[in-house]
Amino acid sequence: MTLLCSRKTKKLFRIIIQSAVVMAMIGYPPGSTGAFNVQLTPSFDWKLLYEDNVYGVAEGGQKTADFSNRYKPKLEGSINFSRVSINAQSTLNIIEYTKEKDWNTVDQNYSLAAIFKLNHRSKFQIAGNYQINTDTTRYFQSENGTPTGILVSKFENKTKSALASYSNNLSAKSLLRLSFAYMTFDTLYSSGSDFCIYSLFYKYTANKKDTLSISLGYNDINFKFPGGGNFNFKMNTYSISGGVDHTFSQNFTLNFSMGLIYLETKFNKAVFEEDPTTGQMVFVGSKSTRVGSTGSSFSLSLEKKFSYTGLQLSAGQNVSTNPDTGETTQNTNLRFIVDHKFTHKLKGSIDWAFYSNTADAGEYNNARKYDQQSFATTAQISYAFNRRVMITMQYSKIDYKDKSIFGYDTKRNDIALRVSFRPLRPFMVR
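Residues numbered from 1 in each chain as written. Predicted model: local features only at pLDDT ≥ 70, side-chain atom pairs only at ≥ 80, totals over all residues. Heavy atoms only, no water.

K.L.:
What's the story with the nonpolar core in this structure? I'm lost.
P.N.:
For soluble globular proteins, nonpolar side chains are generally found buried alongside one another. Judged by nonpolar contacts, the single largest core of 15 residues is most densely connected at Phe195, Met235, Leu263 and Tyr364. Those elements that place two or more of their residues in this core are β7 (174-186), β9 (210-223), β10 (233-249) and β11 (252-274). For this core, the element with the most residues is β11, which contributes 3 residues. If you look at the next biggest cluster of nonpolar residues, it comprises 10 residues, including Tyr139, Val152, Tyr355 and Tyr400. (Core = buried A, V, L, I, M, F, W, Y, C linked by side-chain atoms within 4.5 Å. Buried < 20%, exposed > 50% of the residue type's maximum accessible area, 1.4 Å probe, protein only. Helix = DSSP H or I, 4+ residues; strand = E, 2+ residues; numbered from the N terminus.)

K.L.:
Would you mind going over the pattern of salt bridges with me for this structure?
P.N.:
For side chains of opposite charge, pairing can occur when their charged atoms come near one another. For the structure on display, the rule yields 12 salt bridges. Where lysine 411 meets aspartate 409, a salt bridge forms, and the shortest distance between an N and an O atom there is 2.8 Å. For lysine 411, a relative accessible area of 24% corresponds to the partly exposed category. Ionic contacts of the salt-bridge type, sharing partners, join the residues Glu51, Arg70, Arg412 and Asp414 into one network. (Salt bridge = Lys/Arg side-chain N within 4 Å of Asp/Glu carboxyl O.)

K.L.:
Is there a simple way to explain the packing of aromatic side chains in this structure?
P.N.:
Given two aromatic rings, their pairing is described by the distance between the two centres and the angle made by the two planes. This structure, assessed with the given rule, holds 14 aromatic pairs. A ring pair is formed by phenylalanine 185 and phenylalanine 195, whose centres lie 5.1 Å apart and whose planes are at 65°; its orientation type is edge-to-face. With phenylalanine 185 in strand β7 and phenylalanine 195 in strand β8 (residues 191-205), the pair connects residues that are 10 residues apart, well separated along the chain. With respect to class, phenylalanine 185 is no different from phenylalanine 195; both count as buried. Ring geometry for phenylalanine 354 against phenylalanine 375: centres 5.1 Å apart, planes inclined by 45°, an arrangement best described as tilted. Of this pair, phenylalanine 354 sits in strand β15 (residues 346-359) while phenylalanine 375 is found in strand β16 (residues 370-384), placing the two residues 21 residues apart along the sequence. Assessed through its relative accessible area of 24%, phenylalanine 354 is described here as partly exposed. (Phe/Tyr/Trp six-rings, centres within 6.5 Å; stacked < 30°, edge-to-face > 60°.)

If you want it as structure tokens, here you go:
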């Protein structure tokens, strides 16, 4: 049975969220004492960034270098009742270039979440998020989905998302969670594309060192290109995976999971026929086509801590669709991080990462072959000026290679000075 991310589904989900927010605002559950507390945590970052390749021009082209000031005010807040907690966050990233003023912009991120404790075993959570993002390196970060290492152009990505989940501690050792998420993207190549994600997650704590898990997932993508018409596509993804978390010692942990993926894509395929007059192949229309593809996934994370040094090794493979462009590829990533604490005020880290994205023409929804690789290196050192102020120097280098069509190599080097201001504790109202 196919689950459709239809208008009725979105409307029902919107009603559920609105009802839940109203319940939270009046102090659910009824009959509670009304006691609550409010916490507010403001913060502010200033960063001076130098980019030697602002526009991401390929090697051999005319690169443009520039400095930019980046101001990031952030406000986090929470309201806690006896059985309800509401958390909100607002972040602005004000970007002002010295010369390339056409790229001046304000990235935005707003989120709201509410957790309802139904009883001592179960809880219900809803959340919403709105984001405007122009960061060209956003796909090097795991918080933006599967880290693909794709270096994108400077254009605006608007994302709206909503989440609802229910979790239940079936016993002292087991947890069951059901969740549904809806996202829509507006980008240079996407006109309100819809992503619906359904998932079931079960976790069992076998002993003090081992935790086992299994996950079932279904994704429904309705990708819309601006004025795309016949080029739009729909994709259904079914997945199953199992994992284990193992603790060797207090300072040494392992997380591993692997699974299978099946994708079914429906799109209109171009049809060409031979012109009897000229003998050339000409476009005569399109026909509806279904393509089924299988894939696999895995993730591995090892973390080891010493007295002053930490080591992190992670690797993963997955199949994902880029919300910016609609490209579906198999993604592989490998990352190694070393961090060291020199003194109680001075610390540093080095981060190496490799990303690969591949797909054949005709695979998934692709009309062409994809072969993209990225190598990223980041080194930074941070100094705690006092308990409220942190000063960070950072250098990053990205080498992005795209061998898909004509092939090009893009390199960029960034140097940043960042000063962060944080209060010692949140402001509280009881």
